[in-house]
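Here are the chains, one letter per residue:
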Amino acid sequence: MTLTKTQIKALIKSENLSISPLLEEDQIGDLTIDFRIGTDFLVTINGSNPFIDASLNNNDKFPIKNSFQETRRKLGETFLLHPNQTVLVSSLEYIKLPSNTYAELTLRSSYLRLGLTISAIVQPGYCGCISMELTNINKVPINLTVGAAIIQARLFEISESINYFEKKRKYMCQVRPVMSAVAADSDLKRLQSIWKQNNYVT
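Reading guide: rules and limits
- Residues numbered from 1 in each chain as written.
- Predicted model: local features only at pLDDT ≥ 70, side-chain atom pairs only at ≥ 80, totals over all residues.
- Heavy atoms only, no water.
- 1 Å grid on protein atoms, 1.4 Å probe; cavity = no way out; pocket = protein on both sides within 12 Å on 5 of 7 lines; lining within 4 Å.
- Points joined across faces, edges and corners; volume = space filled by probe spheres on them.
- Helix = DSSP H or I, 4+ residues; strand = E, 2+ residues; numbered from the N terminus.
- Nonpolar A, V, L, I, M, F, W, Y, C, P; charged D, E, K, R; others polar.
- Core = buried A, V, L, I, M, F, W, Y, C linked by side-chain atoms within 4.5 Å.
- Buried < 20%, exposed > 50% of the residue type's maximum accessible area, 1.4 Å probe, protein only.
- Contact = heavy atoms within 4.5 Å.
- Expected span 1.5 Å × (residues − 1).
- Salt bridge = Lys/Arg side-chain N within 4 Å of Asp/Glu carboxyl O.
- Pairing = 2+ DSSP bridges.

Chemist: Tell me about the layout of surface pockets, and name the residues and values.
Modeler: Roughly 570 Å³ of internal volume is contained in the largest pocket. Residue lining of the largest pocket: 23 residues in total, with I121, S131, E133, Y171 and Q174 positioned closest to the centre. If you list the elements that add at least two residues to the lining of the largest pocket, you get strand 5 (86-96), strand 8 (120-122) and strand 9 (127-136). Classifying every residue of the lining of the largest pocket by side-chain character gives 14 nonpolar, 5 polar and 4 charged. Each pocket or cavity is described by its volume, and for the second largest pocket that value is around 220 Å³. Every residue lining the second largest pocket is counted, 16 residues in all, and those nearest its centre are D53, D60, P63, I64 and A183. Taken together, the residues that form the lining of the second largest pocket break down as 9 nonpolar, 4 polar and 3 charged.

Chemist: Residues and numbers for the nonpolar core, please.
Modeler: Soluble, globular proteins show a tendency: their nonpolar side chains are buried together. If you look at the biggest cluster of nonpolar residues, it comprises 38 residues, and the most contacted ones within it are L17, F35, L134 and I151. Sequence-distant contacts of L17, that is, excluding residues within four places in its chain, are made with I8, L11, I12, I33, I95, K96, L97, P98 and L155. In terms of nonpolar packing, the next biggest core, distinct from the first, is built from 7 residues, L42, F68, L88 and L188 among them.

Chemist: A description of helix 3 (residues 186-198) should follow, citing residues and the corresponding values.
Modeler: Its 13 residues give helix 3 an end-to-end C-alpha distance of 19 Å, which sits within 8% of 18 Å, the value for a rise of 1.5 Å per residue. Looking one or two residues past helix 3, Y200 carries a phi angle of roughly 55°, positive in sign.

Chemist: Before we move on, can you summarise the pattern of salt bridges with the specific residues and values?
Modeler: Under the defined criterion, the tally for this structure stands at 7 salt bridges. Connected via shared salt-bridge partners are D40, E70, R72 and R176.

Chemist: Kindly report on the environment of V175, identifying the contributing residues and their values.
Modeler: With respect to the element layout, V175 can be found in the loop between strand 11 (149-157) and helix 3. The residues contacting V175, other than those within four sequence positions of it, are S90, Y94 and C129.

Chemist: Before we move on, can you summarise the pairing of strand 6 (residues 101-107) with the specific residues and values?
Modeler: The side chains of a regular strand alternate between the sheet's two faces. What you see with strand 6 is a clean split: T101, A103, L105 and L107 sit on the buried side and Y102, E104 and T106 on the side with no burial. Sheet analysis places strand 6 next to strand 11, joined by 7 bridges and oriented antiparallel. By the bridge assignment, E104 is partnered in strand 11 with R154. Pairing between strand 6 and strand 8: 3 bridges, direction antiparallel. For E104, the partnering residue across the bridge sits in strand 8 and is I121.

The following block contains the structure:
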């Protein structure tokens, strides 16, 4: 069930849903909540790596961290996102979702029309700033204002509660952007073992 403005406000009033800071009441729309981009960024760069290595077959010769650069801006300053570039950024707001509610993230229409793209889900019971992966699919750079309401979230209530902290997660309760932890995936470790056997790698 998609939550409406009335239901969202009732959850906030009952403290089952927390959003801080909620700078303007207008951030809550009929079916969505607007979220602002925060001040910390992880930007993809052409660094020393020849590619971003999403495998375990190179003995960590090309760590993912070498393909990202940290940068920080103040509220009101701008951030230039180049064509085909991805930036990881956290929301300005800290959120605590109910254990039976998840959020689907999309861009506000005004930013979709500029050539930005995003797609993500926030798990039930999540607490922390919302992680956003913004990509510029336009052919020209896009200049973004730090603190601008770029993202909107639709909240969906599910039929059962989920304990967010029941299992170990790679991205738990983060307040700053975190680069990909794909190297921790168990399937990659199994596939690396198969690759080593097939290629006689010890």
